[in-house]
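Commentary on secondary and tertiary structure
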Amino acid sequence: MGQEPRTLLKNLHGRRVLLWRCAWWTLAILAFTGVDLLWQYHKLRDVAVAQARALYAKDLAYRRWNASMGGVYVAVTPQVQPNPYLMVSERDIRTDDGKALTLVNPAYMVRMTTEGDRSSPAQTHLTSTRPLRPGNAPDEWERKALLKLEGGAAEVIESARAEGKNYLRYMAPMRVEQNCMKCHAMQGYKVGDLRGGLGVSVPLDPFLSMAFLRSHMGDTAQLTGVWLIGLGAITLFTRRELRDTHRRAQIE
């Protein structure tokens, strides 16, 4: 009877050792999972940033082409009306056969080609602290981004949440070039001045869903297998260690 308390004590000690080791192993696996998730997020964010920069470059190329042409004339239709914010001479002309044409400037052209286009969830928005068109006025995030651009920032990149969805917000400067003076000289701009910023909003939720479906679920299965194998190894090692300790104690 005198040996039963000692045996019970040894069993309790062994259980505590085993539980502590299993707990530390579980925490290590959880920490690794957290680091992996963070790495996945930053990798996807880099992809979204690359997409935003590509959209900015494409939008800028369209605007520069239109400006280099001095604007383009298109037929007046119910869908294409003269731009009331474009104050230039010969904005509206007629062909010899009487067809009405109106001058479409870069901002108007890009706006007509992108507004209502749902083929791409990412959207661009030209904005300024001195917009000619009220619809180009900045929202709160864009206003703060414009201040950063005025302070010398090359670009502004932040993650934001709106209407229950995650977005990457991007903005880079729009500077006055010689071809811009036709429409913006009346505002007092000079070549090289910061005219505003071109903002891009890229939804992040599709990227996050793709990561979990294609990559992280597989990683989770692998980590679960490693965790279970580790628990089994810890259990065997702890039992053998306690058994050897008990034998040495008996010999002594």
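Residues numbered from 1 in each chain as written. Predicted model: local features only at pLDDT ≥ 70, side-chain atom pairs only at ≥ 80, totals over all residues. Heavy atoms only, no water.

Structurally, the position occupied by Pro131 is in the loop between strand 4 (123-127) and helix 3 (140-150). Pro131 sits in the partly exposed class, given a relative accessible area of 31%. The sequence separation of Pro131 and Arg195 amounts to 64 residues, and the corresponding C-alpha distance is 9.0 Å. Not counting chain neighbours up to four residues away, the residues in contact with Pro131 comprise Asn136 and Ala137. (Helix = DSSP H or I, 4+ residues; strand = E, 2+ residues; numbered from the N terminus. Buried < 20%, exposed > 50% of the residue type's maximum accessible area, 1.4 Å probe, protein only. Contact = heavy atoms within 4.5 Å.)

Once that is clear, we can look at the pattern of salt bridges. Counting across every chain of the model gives 7 salt bridges. A salt bridge links Asp92 to Arg91; the shortest N-O distance between them is 2.8 Å. Among the residues examined, Asp92 registers a relative accessible area of 38% and is labelled partly exposed. Several salt bridges converge on common partners, so that one network encompasses Asp139, Glu142 and Arg169. (Salt bridge = Lys/Arg side-chain N within 4 Å of Asp/Glu carboxyl O.)

Quick look at the confidence of the model for the protein now. Averaged over every residue, the pLDDT of the protein is 82; the share at 70 or more is 87%. No element of the protein has a lower mean pLDDT than helix 5 (residues 205-251), which averages 73, and none a higher one than strand 3 (residues 100-104), which averages 95. Below a pLDDT of 50 lies the segment residues 1-9, which in the model reaches 0 contacts outside its immediate sequence neighbourhood of four places, other chains included. (pLDDT = per-residue confidence, 0-100.)

With that settled, the discussion passes to helix 3. Looking at helix 3, one finds that the buried residues are Trp141, Glu142, Ala145, Leu146 and Leu149. Take helix 3 and look down its axis: the buried residues cluster within an arc of 135°, on one side only. More than 90 degrees from the buried face of helix 3, the exposed residues found are Glu140 and Leu147. Looking at the packing, one finds that the buried side of helix 3 touches strand 4, strand 5 (156-162), strand 6 (165-175) and strand 7 (194-203). Its side-chain oxygen placed 3.2 Å from the backbone nitrogen of Trp141, Asp139 serves as the N-cap of helix 3. (Arc of directions from axis to C-beta. Polar contact = N/O pair within 3.5 Å; in protein donor to acceptor, adjacent residues only side chain to side chain.)

With respect to the helices and strands, Asp59 occurs in helix 1 (residues 4-68). Discounting residues that sit within four places of it in the chain, Asp59 has contacts with Val110, Thr124 and Leu198.

Here we come to the sheet that holds strand 1 (residues 72-75). Each strand in a sheet pairs with another by means of backbone hydrogen bonds, the pair being arranged parallel or else antiparallel. Across the sheet, which stays open at both edges, the 3 strands sit in the order 1-3-2 with antiparallel pairing between neighbours. The two strands at the open ends of the sheet, each matched to only one other strand, are strand 1 and strand 2 (92-94). On average, adjacent strands in this sheet sit at an angle of 35° to one another, irrespective of strand direction. Pairing of strand 2 with strand 3, which is carried by 3 bridges, proceeds in the antiparallel orientation. Directly across from Ile93, in strand 3, lies its bridge partner Leu101. (Pairing = 2+ DSSP bridges. Axes fitted to C-alpha atoms, helices over the stretch in contact; angles between N-to-C directions.)

Attention now moves to the nonpolar core. Ranked by internal contacts, the top residues of the largest apolar core, which has 18 residues, are Tyr56, Leu168, Tyr170, Val200 and Val202. Mapped onto this core, the elements with two or more residues apiece are helix 1, strand 6 and strand 7. At 7 residues, helix 1 tops the list of elements feeding residues into this core. In contact with Val200, not counting residues within four places along its chain, are Ala52, Leu55, Tyr56, Gln123, Thr124, Leu168, Arg169 and Tyr170. Ala145, Leu149, Val156 and Met171 belong to the second-largest nonpolar core, a separate cluster that totals 6 residues. (Core = buried A, V, L, I, M, F, W, Y, C linked by side-chain atoms within 4.5 Å.)

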